[in-house]
Amino acid sequence: MALVPLGAGSAFAHAGLVATNPESDAVLPRAPDRFELTFSEPVSPLRLTLVDPSGAAEDLQGAAIAGNRLSIPAPASLSDGTYRLGWRVVSADGHPVAGSLLFSVGAPSAPAPALPEEADRATRGLVWLSRLLLYLGLGFGIGGAASRLLTGRPLSAGLPWVRSALVLGLAAVPLAIAAQGLDALGAPLRALASPAVWQAGRETGFGQTAMIALLSFAVAIAATFPRGGLASKVLATLAVLGAGAALASTGHAANAPPERLARPAVALHTIAAALWVGALLPLALALRQRDASGIDALRRFSARITPLVVLLLLSGGVLAVIQVETPAALWRTDYGRVLLAKLTLVALLFALAADNRWRLTRPALAGAPEARRAMVRQIGFEIALAVAILGTVALWRFTPPPRIDAAIAAEPARLHVTGERLMGDILVSPGHAGEVEASAMLMTIDYGPVNPEWVGFAFSKPDGIGAPIVSPAQNRGDGVWRAEVTLPTPGVWRMQMDVRIDADSLDRLSGDLTLRP
């Protein structure tokens, strides 16, 4: 026998995944042989825990994956009572998530206690810091190594700084893997040296990003040694393409449908940003020199930056539309608010860049020392804004995109109910307050078929306030009984279903379900 919590187990790639209706309490007549969790996309299990009615927790072993279905053998001889099955998995975009569901064997008892909150501020801080350092390496390191693609000159004065940024990026890769492992397992910072943490970090989708980034940093470092010529350009080009591939290999944005559009958009956005940001410091240092090298670099940069900015804006716009979906999500969701903060910083960056381009470039090219000094100062401000933007982008690890929230909102609320002779699986779709469709798939208590004469739904609030909302159900020939009802408020609703099996038999099934706002 299997417990199949399709509602509680359904999940969406977020911030990982988010379980729907986690407190749905199925009552099983006997102990299951295994548990099956069905998710909205393929996942990898990290930890599965069963808490018995006494509160004792047991880590389950032997999980098997088949597509988006996770199957775990149940412990032998489960006694009667209410259990909590907790899981921690990682989604295709590399983000971990924890969830749990309740079920009862025989008869319900006091609910098994909730699993302890695994969020760790220090771990989350390390995740954010490691991502920021990685982005700084990609932008100022790899982008700096490729800066001659925009300025037309070898690195010269900026070379030590670019190499330092590349070393920073190299160091950030193992740090980010370890932070990802801690985050994936819900482990505290003190577990940083655990082999299981490093293995978990490598085996998530982020592990692929880290490995591509590591190779790209190595190629970029090699590009800084030939001080000119074709070899340097080729290596720098490969490195910056690798930076785009690294961030396009996993993550919220890269895994958003349609992936054929999202992944190239992420890669192009990363490449354009790295080339622009990476060229800033070498350009500023070249302008501080008193020879003609700075003027030549500025002339080439000014001629080549416009199409790059257009590419940056177009790719960023595509990604924003895919992830946010509706304008209201910009201020109603954490993801949207982070995006607004980023856009504010980007607007300031563009304002400085526009002032440099339209007010200072011409006199600087004409040899005016005041204009060159002013441009160097403003490029410094641009660099500071770029760092702030990358720090803001790193916050997206903790915020599910609005498209995920919308998908979760469309998920039905699910309930398993039993009566004296029958049991049923109930769906209320969508699982939030408003106009919904209630549907029931019925069977006998021993899993046999049943063909009732009549089925009716009644919904009421547990506190007894308000009259019950009653509606007869219709069978459209597919064995599913459906009714259209309006449930005006979120929260807990008590569902009662009367089933007339035949002229002499009536069964009543009931249970509580929770609707989202």
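Just so it is clear, the model here is predicted, and its values are computed rather than measured.

1. So, the overall build of the chain
- On a plain count of helices and strands, the chain comes out with 13 helices and 18 strands.
- When its C-alpha atoms are laid out on the principal axes, the chain stretches across 100 × 45 × 35 Å.
- For the chain, the residues scored as buried account for 52% of the 517 residues in total.
- Once local pairs closer than 6 in sequence are excluded, the contacts in the chain between residues at least 24 apart make up 70%.
- As presented, the chain carries roughly 22,700 Å² of accessible surface, and 61% of it is formed by carbon and sulfur atoms.
- Computed over 43 positive and 39 negative side-chain charges, the inter-centroid distance for the chain is 20 Å.

2. Observations concerning the environment of Ala384
- Take Ala384: it is sitting in helix H12 (residues 369-393).
- A residue is classified by how much of its surface remains accessible, and Ala384, at 47% relative accessible area, is partly exposed.
- Each C-alpha atom of the pair Ala384 and Leu349 lies 9.3 Å from the other, and the pair is 35 residues apart in sequence.

3. Quick look at the sheet that holds strand S12 (residues 434-444)
- Strand order in the open sheet made by the five strands is S10-S11-S12-S16-S15, with antiparallel pairing throughout. In this open sheet, the two edge strands, each paired with only one partner strand, are strand S10 (413-418) and strand S15 (474-475).
- As judged from the eight bridges shared by strand S11 (residues 422-429) and S12, these two strands associate in the antiparallel manner. Looking at S12, one finds that Met423 is bridged to Met443.

4. Focus on the sheet that holds strand S13 (residues 454-460)
- On the basis of which strands lie adjacent, the open sheet formed by four strands has the order S14-S13-S17-S18 and antiparallel pairing. In the strand order of this sheet, the two ends are held by strand S14 (469-472) and strand S18 (505-515), each with one partner. Averaged over all pairs of adjacent strands, the angle between their axes in this sheet comes to 15°, without regard to strand direction.
- Sheet topology places S13 next to S14; four bridges connect them, and they run antiparallel. Bridging across to S14, Gly456 finds its partner in Pro472.

5. Remarks on helix H2 (residues 121-145)
- Here H2 spans 35 Å end to end across 25 residues, near enough to the 36 Å set by a 1.5 Å rise per residue.
- Taking burial as the measure, the 25 residues of H2 include 19 buried ones, the bulk of the element.

6. Focus on the environment of Gly139
- Within the secondary structure, Gly139 is located in helix H2.
- Judged by its relative accessible area of 9%, Gly139 falls in the buried class.
- The residues contacting Gly139, other than those within four sequence positions of it, are Gly144, Ala274, Val277 and Gly278.

7. Describing unusual backbone geometry
- The omega torsion across Ser429 and Pro430 is -10°, close enough to zero to call that bond cis.
- Mapped onto the elements, Pro430 comes out in the loop between S11 and S12.
- A positive phi angle, close to 70°, is found at Glu325, a residue other than glycine.
- With respect to the element layout, Glu325 can be found in the loop between helix H9 (293-324) and helix H10 (329-332).
- Backbone geometry places Tyr447, a non-glycine residue, at a positive phi of 70°.
- Secondary-structure assignment places Tyr447 in the loop between S12 and S13.
- The class of Tyr447 is partly exposed, set by a relative accessible area of 39%.

8. Remarks on the side chain of Asp507
- Examined against the element boundaries, Asp507 turns out to sit in strand S18.
- Look at Asp507: it is buried, it has no salt bridge, and the nearest opposite charge is Arg421 at 6.0 Å.
- Side-chain polar atoms of Asp507 contact the backbone nitrogen of Leu422, separated by 2.9 Å.
- Non-local contacts of Asp507, meaning those with residues more than four positions away in its chain, are made with Gly419, Glu420, Arg421, Leu422, Met497, Asp498, Val499 and Ile501.

9. A look at the environment of Pro307
- Locating Pro307 in the fold gives a position in helix H9.
- Judged by its relative accessible area of 53%, Pro307 is exposed.
- For the pair formed by Pro307 and Ala272, sequence separation is 35 residues and the distance between their alpha carbons is 9.4 Å.

10. Description of the packing of H2 against helix H8 (residues 259-288)
- Here H2 crosses H8 at 75°, and the two axes come no closer than 7 Å. Considered as vectors, H2 and H8 are oriented roughly perpendicular to each other. Side by side, H2 and H8 meet where Leu138, Gly139, Phe140, Gly143 and Gly144 of the first sit next to Ala274, Val277, Gly278 and Ala279 of the second.
- Looking at the contact of H2 with H8 residue by residue, the classes come out as five nonpolar, four polar and no charged.

11. As for the confidence of the model for the chain
- Predicted confidence across the chain gives a mean pLDDT of 84, with 91% of residues reaching 70 or more.
- Contacts for the low-pLDDT stretch residues 1-24, under 50 throughout, to residues beyond four places or in other chains number 104 contacts.

12. So, the pattern of salt bridges
- Tallying each qualifying case throughout the model produces 11 salt bridges.
- The closest approach of N and O atoms between Asp498 and Arg508, which form a salt bridge, is 2.6 Å. In this pair, Asp498 sits in strand S17 (residues 491-502) while Arg508 sits in strand S18, placing the two residues 10 residues apart along the sequence.
- Look at Asp498 and you get buried, because its relative accessible area is 18%.
- We classify Arg508 as partly exposed; its relative accessible area is 48%.
- Through salt bridges with shared partners, one network takes in Glu437, Arg476, Asp478 and Arg482.

13. Some details on the pairing of S13
- Most of S13 sits out of view: five of its seven residues are buried.
- With seven bridges connecting them, S13 and S17 associate as antiparallel partners. Bridging across to S17, Ala458 finds its partner in Gln496.

14. A word on the packing of aromatic side chains
- Overall, the coordinates contain three aromatic pairs when judged by the stated rule.
- Consider the rings of Tyr335 and Trp396, whose centres lie 4.9 Å apart with planes at 15°: the pair is stacked. Remark: Trp396 occurs in the loop between H12 and helix H13 (402-410) and Tyr335 occurs in helix H11 (residues 334-365); sequence separation between them is 61 residues. The pair Tyr335 / Trp396 is uniform in exposure class, with both members buried.
- Looking at Arg131, its charged tip hangs above the ring of Phe206, at a distance of 4.2 Å from the centre.
- The residue whose ring lies beneath Arg357 is Trp358, and the NZ or CZ to ring-centre distance is 4.7 Å.

Thresholds, definitions, all that
Residues numbered from 1 in each chain as written. Predicted model: local features only at pLDDT ≥ 70, side-chain atom pairs only at ≥ 80, totals over all residues. Heavy atoms only, no water. Helix = DSSP H or I, 4+ residues; strand = E, 2+ residues; numbered from the N terminus. Buried < 20%, exposed > 50% of the residue type's maximum accessible area, 1.4 Å probe, protein only. Contact = heavy atoms within 4.5 Å. Areas by Shrake-Rupley, 256 points an atom, 1.4 Å probe, with all protein chains shown as cover. Lys, Arg positive; Asp, Glu negative; His and termini not counted. Charge placed at Lys NZ, Arg CZ, Asp CG, Glu CD. Pairing = 2+ DSSP bridges. Axes fitted to C-alpha atoms, helices over the stretch in contact; angles between N-to-C directions. Expected span 1.5 Å × (residues − 1). Salt bridge = Lys/Arg side-chain N within 4 Å of Asp/Glu carboxyl O. Polar contact = N/O pair within 3.5 Å; in protein donor to acceptor, adjacent residues only side chain to side chain. Parallel < 35°, antiparallel > 145°, perpendicular 65-115°, else oblique. Nonpolar A, V, L, I, M, F, W, Y, C, P; charged D, E, K, R; others polar. pLDDT = per-residue confidence, 0-100. Phe/Tyr/Trp six-rings, centres within 6.5 Å; stacked < 30°, edge-to-face > 60°. Lys NZ or Arg CZ within 6 Å of the ring centre and 35° of its normal.

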